[in-house]
Amino acid sequence: DAGVIQSPRHEVTEMGQEVTLRCKPISGHDYLFWYRQTMMRGLELLIYFNNNVPIDDSGMPEDRFSAKMPNASFSTLKIQPSEPRDSAVYFCASSLGGVQPQHFGDGTRLSIL
Amino acid sequence: KQEVTQIPAALSVPEGENLVLNCSFTDSAIYNLQWFRQDPGKGLTSLLLIQSSQREQTSGRLNASLDKSSGRSTLYIAASQPGDSATYLCAVFSGSARQLTFGSGTQLTVLP
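Residues numbered from 1 in each chain as written. Chains lettered and ligands numbered in written order. Predicted model: local features only at pLDDT ≥ 70, side-chain atom pairs only at ≥ 80, totals over all residues. Heavy atoms only, no water.

Student: For this particular structure, what's the right way to read the overall build of chain A?
Tutor: Each helix and strand counted, chain A has zero helices and 11 strands in total. Listing the helices and strands of chain A from first to last along the sequence gives β-β-β-β-β-β-β-β-β-β-β. Relative to the compact-globule value of 13 Å for 113 residues, chain A shows a C-alpha radius of gyration of 13 Å, a close match. Out of the 113 residues in chain A, the part that is buried amounts to 49%. Counting contacts in chain A only where the partners sit at least 6 residues apart, residues at least 24 apart contribute 53% of the total. A total accessible area of about 5,700 Å² is found for chain A, and carbon and sulfur atoms account for 50% of it. (Helix = DSSP H or I, 4+ residues; strand = E, 2+ residues; numbered from the N terminus. Rg over C-alpha atoms; globule rule 2.2 N^0.38 Å. Buried < 20%, exposed > 50% of the residue type's maximum accessible area, 1.4 Å probe, protein only. Contact = heavy atoms within 4.5 Å. Areas by Shrake-Rupley, 256 points an atom, 1.4 Å probe, with all protein chains shown as cover.)

Dropping the structure here:
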């Protein structure tokens, strides 16, 4: 079975540029989660979707961050404009049911210069 | 707000030792608790999930226990191997927040 697929694996861009991170969840999973991991704050939930609908975006740090899930097999996390403090590893995870084990992708390592 | 603490932050042991990683959480109203493993540059791999009604789960050399009333969980690794070297994260799924809250992890090094 294919796991959660994230792209790109690495992204380096300059401050002010738009960044788009992509995620393909495991087929059949109805929950999708976006996390951010930093040394200072650890793993934080940014937003999650159920059946393509955003349920809780209280973890999204600022209006510069937005996430969409146009269909069951694809989600994007966008940062516009990007800032150096956005540098982190961003993970996508999916699960079948909200309380079931979450399966994580390998993450996107984002560096904003 | 749920808070999850893991002790120790780092641990180094010789190969073959049995070891215990600790996790504590502040809000006992949880659905389940998961232990994850994270290798450098990789995502998280779920090791064990304990439902709130369970006391422990076992998988191979791993055993996780849960004491919901005291807000504690332990991950026991038997006969440690260098391949066990990784960061181990504890996460609780809280009823109130309806989301996973992660600890900061324990970085384990098993020396050959």
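Student: For this particular structure, what's the right way to read the pattern of salt bridges?
Tutor: A side chain with one charge may pair with a side chain of the opposite charge, provided their charged atoms come close. Residues and elements named next belong to chain A. Scanning all chains against the criterion turns up 11 salt bridges over all chains. E62 serves as the salt-bridge partner of R64, at 2.8 Å between the closest nitrogen and oxygen. Among the salt bridges present, the one from E62 reaches R85, with a minimum N-O distance of 2.8 Å. In this pair, E62 sits in the loop between β6 (53-56) and β7 (65-71) while R85 sits in the loop between β8 (74-79) and β9 (88-95), placing the two residues 23 residues apart along the sequence. For E62, a relative accessible area of 25% corresponds to the partly exposed category. Ionic contacts of the salt-bridge type, sharing partners, join the residues E62, R64, E83, R85 and D86 into one network. (Salt bridge = Lys/Arg side-chain N within 4 Å of Asp/Glu carboxyl O.)

Student: What exactly am I supposed to notice about the interface of chain B and chain A here?
Tutor: By a widely used convention, the size of an interface equals the accessible area lost when the partners come together. Contact residues are listed per partner, giving 18 residues for chain B and 17 residues for chain A. On inspection of chain B and its partner chain A, the count reaches zero salt bridges. Along the contact surface separating chain B from chain A lie two residue pairs in polar contact (both at pLDDT 80 or more). Broken down by secondary-structure element, the contributors of at least two residues to the side of chain B that touches chain A are β4 (30-38), β5 (44-51), β9 (86-94) and β10 (100-102) of chain B. With five residues, the top contributor of residues to the side of chain B that touches chain A is β4(B). (Polar contact = N/O pair within 3.5 Å; in protein donor to acceptor, adjacent residues only side chain to side chain.)

Student: In this structure, what is going on with unusual backbone geometry? I would like to understand it.
Tutor: Glycine aside, negative phi is the norm for most residues, and most peptide bonds take the trans geometry. With an omega dihedral of -5 degrees, the bond running from A:Q80 to A:P81 counts as a cis peptide bond. With an omega of -5 degrees, the peptide bond running from B:I7 to B:P8 counts as cis. Topologically, B:P8 is positioned in the loop between β1 (4-7) and β2 (10-14).

Student: What should I look at first to understand the state of the cysteines in this one?
Tutor: Disulfide: a covalent bond formed between the sulfur atoms of two cysteine residues. Inspection of every chain in the model, using the stated rule, returns two disulfides over all chains. Paired by a disulfide, A:C23 and A:C92 hold their sulfur atoms 1.9 Å apart. Residues A:C23 and A:C92 share a disulfide whose torsion about the S-S bond is about -65 degrees; that sign makes it left-handed. Residue A:C23 is found in strand β3 (residues 19-24), and its partner A:C92 is found in strand β9; the two are separated by 69 residues along the sequence. A:C92 carries the same exposure label as A:C23, and that label is buried. Shown here is the disulfide that connects B:C23 with B:C90, its sulfur atoms set 2.0 Å apart. Across the disulfide from B:C23 to B:C90, rotation about the S-S bond amounts to roughly -60 degrees, and the bridge is consequently left-handed. Here B:C23 is found in strand β3 (residues 19-25), whereas its partner B:C90 is found in strand β9, with 67 residues between them in sequence. The same class applies to B:C23 as to B:C90, namely buried. (Disulfide = S-S within 2.5 Å.)

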